[in-house]
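Here is what each chain is made of, one letter per residue.
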Amino acid sequence: MTVGEAHPSPRGPVGPCSGGPSPEALRVDRPPLDRFGLAELGRAVVVGVVLVTFVLWAVLRWVVRPRGRGVVAAAAHGTVDAFEHLGPTFVKLGQLVASSPGLFPVALADACLRMLDDVPTFPSAEARAVIEADLGHPIDEMFLSFEDVPLAAASRAPGPGGVRRGGRRAVGEVQRPGVAHRMLVDLRAAYVGARMLQVFEFFRIANTPAIIRDLYNATMTELNATVEADRQDRFRRNIAAFGDNRFVTVPEVYWDWCGPRVICMERLSGRPLDRVVPGQDGIDTALLVRRGVKVWIEAVLCHGPFHGDVHAGNLWLLDDGRVALLDFGIVGELPEKWRELLRSLFRAALLEGDFTEVARSVRALGVAADLDLDDVEVGRQVADTFGPLLGRDMGELRLSELIGALVSLGREWNTSSPEELVLFGKQLGYFERYATALAPGWVLGRDPFVFRNVFPDEVRIRIAESGMSLPD
């Protein structure tokens, strides 16, 4: 935010005009995940009681007064009510369910849609107190106007809006009081449950403890607002790296007004992409999806850090026609060897080549190293498993099928699914709902536009040979 010369600077690890955080501000505390005590046991009991109570109550209400949506839908809405009551960890679970309808029952996925931005907030007085404590000044000194009702109620950080002194419109994320301890207890209880599920082959090969560890690492990191702001700032800069992503953006971070529990950023106006109606107002919805996925794929395969929570509330169509990625609480980054494997996988799908190069990338990771198979045979197995998925209409891709493919390949190679791919695969599931509604017939793995900067030479040759043209 632009601050007048006479206005005092905020205190904290991020100083005025610093352009970014100090190393100390980026430190992340990681309490042990595998600790299970009375707090975790008590929480597990509470979760069970709350879920049963809310679902039974919803079903009983339906029995007394039947409604058109049916008893299954009533039970699903009761589950969502329970999630909201149980707090931030379960709100995040609801957001995952809402954005991955192929992995969960349709009734539950539809009921969870309201959790993308319609969840309870905490009192405005508490939000004001957190902002003033982090930034060191009263609200009235820092804002010309301040909206106590959050613009969106995220699982851990509702966002009040306002106008800063200097006139720039802004929105903030404010961490919920007490959220860190509650989420840690929830994750510890979930980790124990995930380890117990390892007795079943499907969950052992799917590596369910890795999923919880991934969520734990992401959660502990996102509880430091300065880390999230730094990730958002870097992602915003990376978008411009190739010079052809002018229709995609990320809110600018106003570093002078950030703190350990507060992020202040540019306020953008628009609506979630899943609320855009195809064909309305002449909007090319398929192109919107392709532009957003292009930037995301470039982040994964070229830059490193990628948005790890692209559920249907975090990808927006702005009033000026641009696509915006929001909320960088969860960001993943694959090691270079894994990125090379994915590049090989997509190159084979895009250019309809063989998968032998993929096999060499697999062996470089140490996976399937002990198998008595040559690269051609390993490549054939990879092609049989992933080729049909990558060459399919994105709207028909289901996260359950991707997980099933990983399980199938893991069974053949007698190994667990790699932890590094868990977050990546989850995001492919998130794109399902967008593609189904807005880009029917679009095939991610065969779209040169998406990979024009990932494989520039190959795409250039393909364009020259086919005479096709790519959009801006």
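Each remark here, short or long, concerns the structure printed above.
Residues numbered from 1 in each chain as written. Predicted model: local features only at pLDDT ≥ 70, side-chain atom pairs only at ≥ 80, totals over all residues. Heavy atoms only, no water.

**Examining helix α2 (residues 70-86)**
As a reminder, the rule being used: Numbering of helices and strands runs from the N terminus; a helix is a DSSP stretch of H or I covering at least four residues, while a strand is a stretch of E covering at least two. Here, expected helix span is obtained from the residue count minus one, scaled by 1.5 Å. Relative accessible area decides the class of each residue, using a 1.4 Å probe on protein chains only: under 20% of the type maximum gives buried, over 50% gives exposed, and in between gives partly exposed.
The terminal C-alpha atoms of α2 lie 25 Å apart, and with 17 residues this matches the ideal 24 Å at 1.5 Å per residue to within 8%. For α2, the set of buried residues is G70, A73, A74, A75, A76, G78, T79, V80, A82, F83, E84 and L86. G87, located one to two residues past α2, shows a positive phi value of around 105°.

**Quick look at a nonpolar patch on the surface**
Convention followed: Patches in this entry comprise residues that are over 30% relatively accessible and not in a salt bridge; like charges within 9 Å are linked, as are nonpolar side chains (Val, Leu, Ile, Met, Phe, Trp, Tyr) within 5 Å. Reported accessibility uses the Shrake-Rupley method at a 1.4 Å probe radius. Residues are deemed covered only where the shown protein chains occlude them. Salt bridge, as used here, is a side-chain nitrogen of Lys or Arg placed within 4 Å of a carboxyl oxygen of Asp or Glu.
Taken together, the side chains of F36, L38, L41, V45 and V49 make up a nonpolar region of the molecular surface, amounting to roughly 500 Å² of accessible area. Secondary-structure assignment places L38 in helix α1 (residues 38-64).

**So, the state of the cysteines**
Heads up, the condition is: Criterion for a disulfide: a pair of cysteine sulfur atoms within 2.5 Å.
Under the defined criterion, the tally for this structure stands at zero disulfides. Its sulfur unpaired, C258 is 6.5 Å from the next cysteine sulfur, which belongs to C264. According to the relative accessible area criterion, C258 is buried, its value standing at 1%.

**Here's the deal with the packing of α1 against α2**
Stated formally: Angles run from 0 to 180 degrees between N-to-C directions of axes, and those axes are lines fitted to C-alpha atoms, restricted for helices to the stretch in contact. Less than a right angle of anticlockwise turn of the near helix away from the far helix marks a crossing as left-handed, whereas a clockwise turn marks it as right-handed. The contact criterion used throughout is that any non-hydrogen atoms of two residues lie within 4.5 Å. Classification used: nonpolar for Ala, Val, Leu, Ile, Met, Phe, Trp, Tyr, Cys and Pro, charged for Asp, Glu, Lys and Arg, polar for all others including Gly.
Where α1 meets α2, the closest approach of the two axes is 8 Å, and the angle between their N-to-C directions is 145°. Both α1 and α2 take part in a crossing whose hand is right-handed. Only G70, V71, A74, A75, G78, T79, D81, A82, F83, H85 and L86 of α2 make contact with α1, whose side of the interface consists of R43, V46, V47, V50, L51, F54, V55, A58, V59, R61 and W62. Across the contact of α1 with α2, the residue classes break down as 15 nonpolar, four polar and three charged.

**Examining the nonpolar core**
Short version of the rule: By convention a nonpolar core is built from buried Ala, Val, Leu, Ile, Met, Phe, Trp, Tyr and Cys residues, the set being connected through side-chain atoms within 4.5 Å.
Within the largest apolar cluster, 54 residues are counted, with the highest numbers of intra-cluster contacts made by L273, W296, I297 and F451. It is helix α11 (residues 285-303) that contributes the most residues to this core, nine residues altogether. Membership of the second largest hydrophobic core comes to 16 residues, among which are V47, V80, L86 and F90.

**Some words on the environment of L113**
Structurally, L113 can be placed in the loop between α4 (106-111) and α5 (124-135). Sequence separation between L113 and G313 is 200 residues; the distance between their C-alpha atoms is 9.2 Å. Those residues in contact with L113 that lie beyond four places of it in its chain are A98 and R433.

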